[in-house]
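Topology and contacts: notes
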Amino acid sequence: MKRVITYGTFDLLHYGHINLLRRAKEQGDYLVVVLSTDEFNWEQKQKKCYFSYEQRKHLLEAIRYVDLVVPETSWEQKRKDVHIYNIDSFVMGDDWRGKFDFLKEEGVEVIYLPRTPEISTSQIKKDLESKN
Ligand code: C2G
């Protein structure tokens, strides 16, 4: 059983997120999604989510590619997480390319996948604002 992990905010869930989750799951048999809490988003990413952590978790758990959703509360937890969840592969979109290569030291394959172009949560918010 090959176990894969990925991290994110996944606010206003969109097809770019789904493409990432689908391709992450294709790397193995079991996908853990570590979902940024509302506090982590605000304090560390200055992101104010439209959906709360519980709502974003609920949405992610409904996706066929996702097997487990757990909280992301710090940048540093990745080194521990890959052992807690017995991870073989770490997957992120390539906007993060290079940022998590240190996980190779933990015996984890690190994969950066091309982002889906022209869609992002911030773009959705901008488009909606301009329409009003
Ligand atoms: N993504 C993508 N294509 C898009 C938008 C997002 O492939 N058009 C990917 C991102 O690269 C990321 C995942 O979807 O791998 C989740 O994106 P966000 O919710 O924006 O997550 P982010 O804020 O990048 O948080 O510790 C890592 C952070 O929690 C990552």
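Our structure's up above, just so we're on the same page.
In this report, the structure presented in the accompanying data block is examined.

Conventions adopted
Residues numbered from 1 in each chain as written. Predicted model: local features only at pLDDT ≥ 70, side-chain atom pairs only at ≥ 80, totals over all residues. Heavy atoms only, no water. Helix = DSSP H or I, 4+ residues; strand = E, 2+ residues; numbered from the N terminus. Rg over C-alpha atoms; globule rule 2.2 N^0.38 Å. Buried < 20%, exposed > 50% of the residue type's maximum accessible area, 1.4 Å probe, protein only. Contact = heavy atoms within 4.5 Å. Salt bridge = Lys/Arg side-chain N within 4 Å of Asp/Glu carboxyl O. Near = heavy atom within 4 Å. Polar contact = N/O pair within 3.5 Å; in protein donor to acceptor, adjacent residues only side chain to side chain. Areas by Shrake-Rupley, 256 points an atom, 1.4 Å probe, with all protein chains shown as cover. 1 Å grid on protein atoms, 1.4 Å probe; cavity = no way out; pocket = protein on both sides within 12 Å on 5 of 7 lines; lining within 4 Å. Sits in = over half its atoms within 2 Å of the grid points. Nonpolar A, V, L, I, M, F, W, Y, C, P; charged D, E, K, R; others polar. Phe/Tyr/Trp six-rings, centres within 6.5 Å; stacked < 30°, edge-to-face > 60°. Lys NZ or Arg CZ within 6 Å of the ring centre and 35° of its normal.

Moving on to the overall build of the protein. The helix and strand inventory of the protein stands at five helices and five strands. Along the protein, from the amino end to the carboxyl end, the secondary structure elements read β-α-β-α-α-β-α-β-β-α. Relative to a compact globule of 132 residues, whose C-alpha radius of gyration would be 14 Å, the protein shows 15 Å and is just as compact. Looking at the protein as a whole, 45% of its 132 residues are labelled buried. By sequence separation, contacts in the protein at least 24 residues apart represent 65% of the contacts at least 6 residues apart.

The subject of this paragraph is the pattern of salt bridges. Across all of its chains, the model carries 10 salt bridges by this definition. Ionic pairing is found between Arg56 and Asp38, a salt bridge with its closest N-O pair at 2.7 Å. Taken together, the residues span a long stretch of sequence, with Arg56 in helix H3 (residues 53-61) and Asp38 in helix H2 (residues 38-45) at a distance of 18 residues. Under the relative-accessibility criterion, Arg56 is labelled buried at 0%. Residue Glu106 is joined to Arg79 by a salt bridge in which the shortest nitrogen-to-oxygen separation is 2.6 Å. Placement of Glu106 in the loop between strand E4 (89-93) and strand E5 (109-113) and of Arg79 in helix H4 (residues 78-84) is noted, with a sequence separation of 27 residues between them.

Moving on to the site of the ligand. Taken together, the neighbourhood of the ligand is formed by 21 residues, with Lys47, Glu72, Lys78, Asp95 and Ile119 sitting nearest. Here an oxygen atom of the ligand sits 3.0 Å away from a polar atom, N or O, in the main chain of Thr9. The separation between an oxygen atom of the ligand and a polar side-chain atom of Trp96 is 2.8 Å. Against a free-state accessible area of 630 Å², the protein chains account for coverage of 95% of the ligand. Using a 2 Å cut-off from the grid points, one finds that the ligand occupies the largest pocket. Ranked by the residues each element gives to the shell around the ligand, the list is headed by helix H1 (residues 15-25), at three residues. Here the shell around the ligand is built from residues that sort into seven nonpolar, eight polar and six charged.

Here the focus is the packing of aromatic side chains. To describe a pair of aromatic rings, one takes the distance between the centres and the angle between the planes. Taken as a whole, this structure holds seven aromatic pairs when the rule is applied. Members of the aromatic cluster, joined through ring pairs, are Tyr7, Phe40, Trp75, Phe90, Trp96, Phe100 and Phe102. Over the face of the ring belonging to Tyr30 we find Arg3, whose NZ or CZ atom lies 4.4 Å from the ring centre. Here the basic side chain of Lys78 rests over the ring of Tyr7, its NZ or CZ set 4.6 Å away from the ring centre.

Honestly, it's all geometry; don't read function into it.
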